[in-house]
Each structure stands twice: as C-alpha cells, then as structure tokens.
Amino acid sequence: MAHQNIFPCIFFSILFCVFSTVAQGARTFNVKYYGAVANGRTDNRKAFLRAWMDACDQKGVSIVYIPKGVYMLGSVEFAGPCRGVTMFFMKGDLRAPRGAFLNVETWLGFRYVDNLIMKGGGTLDGQGQSAWPFNQCHKNNNCQTLPIVTPDYSPNTDGIKMGSSSNIRISYSKISTGDDCIAILSDTSNIDISNVYCGPGHGISIGSLGKYTNEKNVNGVSVRKCTLNGTDNGIRIKSWESPISITASNFLFQDIFMYNVRNPIIIDQTYCPHPPCNRQTASHVQIQDVTYRNIFGTSSSEIAVSMQCSKKFPCKNIVMTDIKFGHHGTKKSLKSYCSYVNGRFFGRQYPPPCF
C-alpha cells in the first residue's frame, strides 16, 4: 500500500519546486530606492515611473514594491506592454494632490498591460472631495456624460475601468463610488474578480459595448464571492443599439450577496444612459454562455431579474442556478422580465424565471 502515496508526494514536490522557482526568480523594484518619499506631500511620480519602467522591462516576474507609508502621487499612467508578469505590490497608501482631477481625466492608470497583479492591502486616496465643489455638472446640461448619482457629491467616478486587457485579477477590495464599481470594456479577457465589496455605486458591469467601430470581443470574466450594498445595479451586461458586431461570452457570476440593490441581475441591450439616443438598429453584440449561480439578497425594486436582449442577436445559453431574492423591507412579490433570451434554470428560483 505504501507505493500508492509516491505519486502525490512527487506531484507536490514538483509544484513546490515550480512555485519556489517563480518566487526566487522574481525581481523587486522598491520605489524608495528610486527616490520615493513617504511623507504625504512630495510628488513621487518620477520615482514610481522609473521603478515601473525597470520592472516592466524585465522578463519573468517583477514586483513594483510600495512599502508602508503615505505617498503623494500626481496623475500618472503606467504603460506597457511589459515583457513578463508585473506585480504592483502596495503596502503603503497612495494619495492624490488636492484638486488633482480638475484638468486631467485619470489619476492612476494602467494601459496596454497584460499579466498584471495588484495586491498588498494599501489604500488609494483620490482626494476627490477637494475637486467636487468645482464640478457644475448637476447644473450644466452640457455635462450629460457625467451624471450625479448616490452619493450626489461624487459624479462619474468609476472605481476600476479596464479595456484592451487580459489576465487581470481583482480581489479583497472595497469600492464605494458614484458610478460603476468595476467596468469591463472592449477587447478584455480572462478577468477574475473575487471578494469585492461594492457600494454605493452602479455595481459591477460588463460594458457598455457596441458603441465604437473598433471594438473587440470580451471573453472569460469571473465574478465570485462579492457583496453589493445599496447599489443602483448589481451585476450588469450592457450594450448599445448599434451595428457594431462583437461577442461577449463565457461569464460566471457566482456566490454573490446583494443588499437593497435596485436592479440585482440585469442584461440591457438597449443601453441609453442619456436619451435621446441614436437607435440605429438592434444591438449586434452577441451575449452567450453566461452562468449565474448562488446569487441572493434583497431587491429595492419589484423586478429583480431583467434581461432585455437583442432582437437580432438573442442571448444564448444563459444558465441560472439557485437564485433567491426578497423585496427589501417589504413582503412584496418580485418579478423577472425577459426578452429574446435562450436559457436554462436549475435549483431554487425566486423570482420565478422568465425564459
């Protein structure tokens, strides 16, 4: 009988060697070695960029390391492509200058980077409150692309927005914002989101898609073990009514708790945030192979599941397993609404499925 344990031992040893080799092969680029100062006042853009460029230029695994402390950081973009796997290991806190967003679109951006890992437990302080009094979008009709939502003093503030990206992992994060907590855009694949707390905000969204002519497919998004509290939407897929043809596929939403969420599960292929919109045709975005599993909580509206798919490209292979919502604060019955959906359901379903 002893020989039966040989293979597991060999297998474990191989795994241990592989992981040890990766750890030993990683190079660390400490921003302090590049001149970063953790006093909360000195702008550390140059030091951070130099550390990033050296790490990005390395093959294998490289780590941009931010030790504990408060680092003031002006508007900066960390650009790729990088030659290997790059980890942004943030033990310290990054703080934007006061009023940093009056004349720039992005405070902290990552662009053209594959195989990016972000971790460490530090915090991002955008100092947004210092800029909000200068924003007149709630009074100016020309600012329709910047809606004011809950909270009303943080307009158009996507927490994390990604496009043209792959192999991204987001975990153990708390995102409170006035727009999407996480937005996943065109040409994105292999995204893993887990243990994220979202609220307030617009939830976790794939899209919007189908607005621009050069868009590409979105494939392979996993959202697991997340909590959404008091958000406008829960988990959402949205596309414009346009002739832009792409595929959005292979999505998993699993083990998600929602509390007092207005639209817990939503597919919206008639997306039009600021009407009137140029409704050229039914959406040409093909949504398919989407699984919802063990999603539960309370809805603040009577329609807990809404799937408005495209008449020309109906949603395909939508699978729902163990969905259970109650109406927040009341005993009202809940409903599902579907159009042009091809799917299956298993286990408990409340509200009752609509396909």
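Bear in mind the structure is a predicted one, so any value in this text is a computation, not a measurement.

Description of the sheet that holds strand S10 (residues 124-125)
Step number 1: The sheet built from four strands is open, its strands ordered S2-S4-S7-S10 with parallel pairing. The open sheet has two edge strands with one neighbour each: strand S2 (39-43) and S10.
Step number 2: Direction of pairing for S2 relative to strand S4 (residues 70-72): parallel, over a ladder of two bridges. Note on S4: the bridge partner recorded for Asn39 is Val70.

A short note on the confidence of the model for the protein
Step number 1: Residue-level pLDDT values for the protein average 85, and 83% of them are 70 or greater.
Step number 2: Across residues 1-23, confidence stays below pLDDT 50; counting only partners more than four residues off in sequence or on other chains, it has one contact.
Step number 3: Residue range residues 137-150 is modelled with pLDDT below 50. Its contacts to residues more than four positions away, or to other chains, number 19 contacts.

A few points about the pattern of salt bridges
Step number 1: Counted according to the given criterion, the structure contains 10 salt bridges.
Step number 2: The shortest N-O distance in the salt bridge between Arg111 and Glu77 comes to 3.0 Å. In this pair, Arg111 sits in strand S8 (residues 108-111) while Glu77 sits in strand S5 (residues 76-79), placing the two residues 34 residues apart along the sequence.
Step number 3: With a relative accessible area of 40%, Arg111 lands in the partly exposed category.
Step number 4: What makes Glu77 partly exposed here is its relative accessible area of 40%.
Step number 5: Ionic pairing is found between Lys238 and Asp180, a salt bridge with its closest N-O pair at 3.3 Å. Here the residue Lys238 occupies a position in strand S17 (residues 233-239), and Asp180 occupies one in the loop between strand S12 (166-175) and strand S13 (182-184), the gap between them amounting to 58 residues. Assigned by exposure class, Lys238 and Asp180 land together as buried.
Step number 6: It is possible to trace a salt-bridge network through shared partners that takes in Asp180, Arg236 and Lys238.

Focus: the state of the cysteines
Step number 1: Taken as a whole and assessed by the stated rule, the structure comprises five disulfides.
Step number 2: Here Cys181 pairs with Cys198 through a disulfide, and the sulfurs are 2.1 Å apart. For the disulfide bridge between Cys181 and Cys198, the dihedral angle about the S-S bond is near 80°, and by the sign convention the bridge is right-handed. Taken together, the residues Cys181 in the loop between S12 and S13 and Cys198 in strand S14 (residues 188-198) connect sequence positions 17 residues apart. Cys198 matches Cys181 in its accessibility class, with the two residues each being buried.
Step number 3: Between Cys272 and Cys277 runs a disulfide, and the two sulfur atoms are separated by 2.0 Å. Between Cys272 and Cys277, the disulfide has an S-S torsion of 95° and is therefore right-handed.
Step number 4: Given a relative accessible area of 23%, Cys277 falls into the partly exposed group.
Step number 5: Each bonded cysteine in the protein gets a number by its place in the sequence, and the pairs come out as 1-2, 3-4, 5-6, 7-8, 9-10.
Step number 6: Just so you know, Cys226 is unpaired, no disulfide at all, and the nearest cysteine sulfur is the one on Cys198, 8.7 Å from it.

Remarks on the sheet that holds strand S11 (residues 160-162)
Step number 1: The sheet built from seven strands is open, its strands ordered S11-S13-S15-S17-S19-S21-S23 with parallel pairing. Looking at which strands have only one partner, the edges of the open sheet turn out to be S11 and strand S23 (335-339). When the angles between neighbouring strand axes are averaged without regard to direction, this sheet yields 10°.

Regarding unusual backbone geometry
Step number 1: Each neighbour pair has its own omega, and for Gly207 with Ser208 the value is 15°, a cis peptide bond.
Step number 2: Cis peptide bonds are those with omega within 30 degrees of zero, and the linkage from Pro275 to Pro276 qualifies with 5°.
Step number 3: Positionally, Pro276 belongs in the loop between strand S19 (263-268) and strand S20 (285-299).
Step number 4: Despite not being glycine, Asn115 shows a phi value in the positive range, around 55°.
Step number 5: By the element assignment, Asn115 lies in the loop between S8 and strand S9 (116-119).

Thoughts on the packing of aromatic side chains
Step number 1: The final tally for this structure, using the stated rule, is 11 aromatic pairs.
Step number 2: Ring centres of Phe253 and Tyr292 lie 5.3 Å apart, and the angle between their planes is 20°; on these two criteria the pair is classed as stacked. Of this pair, Phe253 sits in strand S18 (residues 246-261) while Tyr292 sits in strand S20, and the two are 39 residues apart along the sequence.
Step number 3: For Tyr292, a relative accessible area of 0% corresponds to the buried category.
Step number 4: By way of ring pairs, the aromatic residues Trp52, Phe78, Phe88 and Phe110 are connected into one cluster.
Step number 5: In this structure, Lys174 packs its charged tip against the face of Tyr197, placed 5.5 Å from the ring centre.

The rules behind each value
- Positions within a chain are numbered from 1, following the residues in the order the chain's sequence is written.
- Owing to the predicted nature of the model, reporting of local features is limited to residues with pLDDT of at least 70; listing and counting of side-chain atom pairs is limited to 80 or more, with chain, interface and lining totals taken over all residues.
- The basis for every side-chain value is the complete set of non-hydrogen atoms in the structure, without hydrogens or water.
- Strands are labelled as partners when DSSP assigns at least two bridges between them.
- In DSSP terms, a helix is any run of H or I states spanning at least four residues, a strand is any run of E spanning at least two, and both are numbered starting from the N terminus.
- pLDDT runs from 0 to 100 and stands for how confident the predictor is about each residue.
- In what follows, a contact means two residues having at least one pair of non-hydrogen atoms within 4.5 Å.
- The term salt bridge refers to a pairing of a side-chain nitrogen on Lys or Arg with a carboxyl oxygen on Asp or Glu at a separation within 4 Å.
- Note on exposure labels: buried denotes an accessible area under 20% of the residue type's maximum, exposed denotes more than 50%, and partly exposed covers the range between, all computed with a 1.4 Å probe on protein chains only.
- By definition, disulfides here are pairs of cysteine sulfur atoms that lie within 2.5 Å.
- Each axis is a line fitted through C-alpha atoms, and for a helix only the stretch in contact is used; angles between axes span 0 to 180 degrees, taken between their N-to-C directions.
- Any two of the Phe, Tyr and Trp rings considered here, Trp counted by its six-membered ring, make a pair once their centres fall within 6.5 Å; the pair's planes then place it as stacked at under 30 degrees, edge-to-face at over 60, or tilted in between.
- Two limits define a charge over a ring: the Lys NZ or Arg CZ must be within 6 Å of the ring centre, and within 35 degrees of the ring normal.

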